[in-house]
Amino acid sequence: MNKDLTESYLDRQNILNNKLAIKEAEDVYKLNGLLFEGVQVYSNAQIAEFFEVDLRTIERIIESDRKELEKNGLMVLTGKKLAQFKDAVSKEPKADIAIGANTRSFSVSTFRTILNFSMLIKSSEKARLVRSRILDIVLDVLTKKTDGKVKYINQRDASYLDRAFAEESERKKFTQALNLYVDMNQYKYAFFTDEIYRSIFRENTKEYRNILSLAKRDNARATMYSEVLLLIASYEAGIAYEIEKESSSLGRMLTRQETLEIVDNFANHPAQKPLIEDVRLKMASRDHGFRNAYHEKMAEYIRPISENDYEKFLGDQSKALEEQIEEHRAVFERLRDK
């Protein structure tokens, strides 16, 4: 993972939203903090000591990057909270935290914040080593969870198999409509599939395969996220319906141009816009964060992967495809018995 975390907010946040990787890193470093409201917290002085930098370096970074740090666990304690914290410090003899009697505000950080500091401090060799280690941990977690098959991480979504079945069903209706009602040669199936892809995520099949570095034997749709498959299924069902209706109205097969107009009209319907925007954001962001794949034509949609998505694909909510198949097999067996 060749990422410069000191320069890229996107790459920093992709790591800091990954609770599994943060937990692994926390187990590696085992820093001694103070348990406050159920969370281990650390003072600015402790952070400066850990990174072997002057306290003023930590304070300058807080001043310049406060918004990002607060998003990742930095807290400024005042009033009642500060009084409670002082009381917690006084009751913990091993707490290496000094607070002046007249202190009116005090900054504390979680371990997640400490990792954030490591990505913002450029002058510390210790910070550089932490950045390198966390990148290794992220890669290790991803590899373990996916058994090294990162390009199929989409299949760990517990809803993947249901969506794949739905898309396959609508795909048959779509190809049948092209076969019966569109006057073109066999190229029409690939041609209109590409038109659907372009209208949803701005890439044709070849471009998509190249971005994900898929081999000839790889099925492109087997790498698509469930939300993408569902929207493709919606397109295929809706366009198949419109093709059949228009062909019946005209009493003949449709030309290439007439079919293209149907696809364009369907794609440009206002009802599709929020769905397309959502799919572009999910595909561009997840592929960038999980697969290190860059969709140039959807660059403006790339965001940090959310904590929910990490849970969806790597956490307890995720399921290997084999598990999903076994669950569906049990359903099919019950139906057969009935």
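Keep in mind that what you see is a predicted model, and the values were worked out from it rather than measured.

Thresholds, definitions, all that
Residues numbered from 1 in each chain as written. Predicted model: local features only at pLDDT ≥ 70, side-chain atom pairs only at ≥ 80, totals over all residues. Heavy atoms only, no water. Helix = DSSP H or I, 4+ residues; strand = E, 2+ residues; numbered from the N terminus. Rg over C-alpha atoms; globule rule 2.2 N^0.38 Å. Contact = heavy atoms within 4.5 Å. Areas by Shrake-Rupley, 256 points an atom, 1.4 Å probe, with all protein chains shown as cover. Lys, Arg positive; Asp, Glu negative; His and termini not counted. Charge placed at Lys NZ, Arg CZ, Asp CG, Glu CD. Buried < 20%, exposed > 50% of the residue type's maximum accessible area, 1.4 Å probe, protein only. Salt bridge = Lys/Arg side-chain N within 4 Å of Asp/Glu carboxyl O. Phe/Tyr/Trp six-rings, centres within 6.5 Å; stacked < 30°, edge-to-face > 60°. Expected span 1.5 Å × (residues − 1). Core = buried A, V, L, I, M, F, W, Y, C linked by side-chain atoms within 4.5 Å. Pairing = 2+ DSSP bridges. Axes fitted to C-alpha atoms, helices over the stretch in contact; angles between N-to-C directions.

Caption draft 1: The overall build of the chain, seen in detail. Broken down by element type, the chain carries 15 helices and four strands. For the chain, whose C-alpha radius of gyration is 26 Å, the value lies well above the compact-globule estimate of 20 Å for 338 residues. Taking the principal axes of its C-alpha atoms as reference, the chain extends roughly 90 × 50 × 40 Å. Taking all contacts inside the chain whose residues are at least 6 apart in sequence as the whole, residues at least 24 apart take part in 70%. Element-wise, carbon and sulfur atoms account for 49% of the exposed surface of the chain, whose accessible area totals about 18100 Å². Looking at the chain, you have 55 positive and 56 negative side-chain charges, and the mean spots of the two groups are 1 Å apart.

Caption draft 2: Focus on the side chain of arginine 131. Within the fold, arginine 131 resides in helix H7 (residues 125-146). Buried and without a salt bridge, arginine 131 has aspartate 4 as its closest oppositely charged side chain, separated by 5.7 Å. Among all residues touching arginine 131, those that are not within four sequence positions of it are Leu5, Thr6, Ser118, Met119 and Ile121.

Caption draft 3: Just the pattern of salt bridges, in detail. Inspection of the entire model under this criterion finds 27 salt bridges. Here lysine 23 and aspartate 27 are joined by a salt bridge, their closest N and O atoms 3.0 Å apart. On the criterion of helical spacing, the pair formed by lysine 23 and aspartate 27 is a turn pair, its members being four residues apart in helix H2 (residues 19-29). Look at lysine 23 and you get partly exposed, because its relative accessible area is 46%. A single salt-bridge network, built from bridges that share partners, covers Asp157, Glu227, Arg286, Asp309 and Lys312.

Caption draft 4: Summary view of the packing of aromatic side chains. Applying the stated criterion across every chain, the model contains twelve aromatic pairs. Geometrically, the ring pair formed by phenylalanine 50 and phenylalanine 51 is edge-to-face, given 4.9 Å between the ring centres and 70° between the ring planes. For the residue pair phenylalanine 50 and phenylalanine 51, the accessibility class agrees, reading buried in each case. Through pairs of rings, three or more aromatic residues link up here, namely Tyr225, Phe290, Tyr310 and Phe313.

Caption draft 5: Looking closely at helix H11 (residues 226-250). Taking 1.5 Å as the rise per residue, H11 with 25 residues should run 36 Å; its terminal C-alpha atoms sit 36 Å apart, in good agreement. Among the residues trailing H11, glycine 251 stands out with phi positive, at a value near 70°.

Caption draft 6: View of unusual backbone geometry. Positive phi, close to 55°, is recorded for aspartate 147, a residue that is not glycine. Within the secondary structure, aspartate 147 is located in the loop between H7 and helix H8 (160-181). Of note in this structure, serine 213 is not a glycine but carries a positive phi near 55°. Note on placement: serine 213 falls in the loop between helix H10 (205-211) and H11.

Caption draft 7: Just the nonpolar core, in detail. Core analysis: the largest hydrophobic core is formed by 54 residues, its most contacted members being Phe192, Phe201, Tyr235, Ile239 and Ile243. Residue assignment for this core shows that the elements contributing at least two residues are H8, helix H9 (187-201), H11, helix H12 (256-267), helix H13 (273-290) and helix H14 (307-314). With eight residues, the single largest contributor to this core is H11. Not counting the four nearest positions on each side in its chain, tyrosine 235 is found in contact with Ile196, Ser199, Ile200, Phe266, Ala267, Gln272 and Ile276. Tyr42, Ala48, Ile62 and Val138 belong to the second largest nonpolar core, which has 31 residues in total.

Caption draft 8: Local environment of the sheet that holds strand E4 (residues 105-109). The strand order across the open sheet built from four strands is E1-E2-E4-E3, with neighbouring strands paired in antiparallel fashion. Strands at the two margins of the open sheet, each flanked by one partner only, are strand E1 (34-36) and strand E3 (75-78). Averaged over all neighbouring strand pairs, the angle between strand axes comes to 50°, with direction disregarded. Here E1 pairs with strand E2 (residues 39-43) via three bridges, running antiparallel.

Don't take any of this as a statement about function, it's just geometry.
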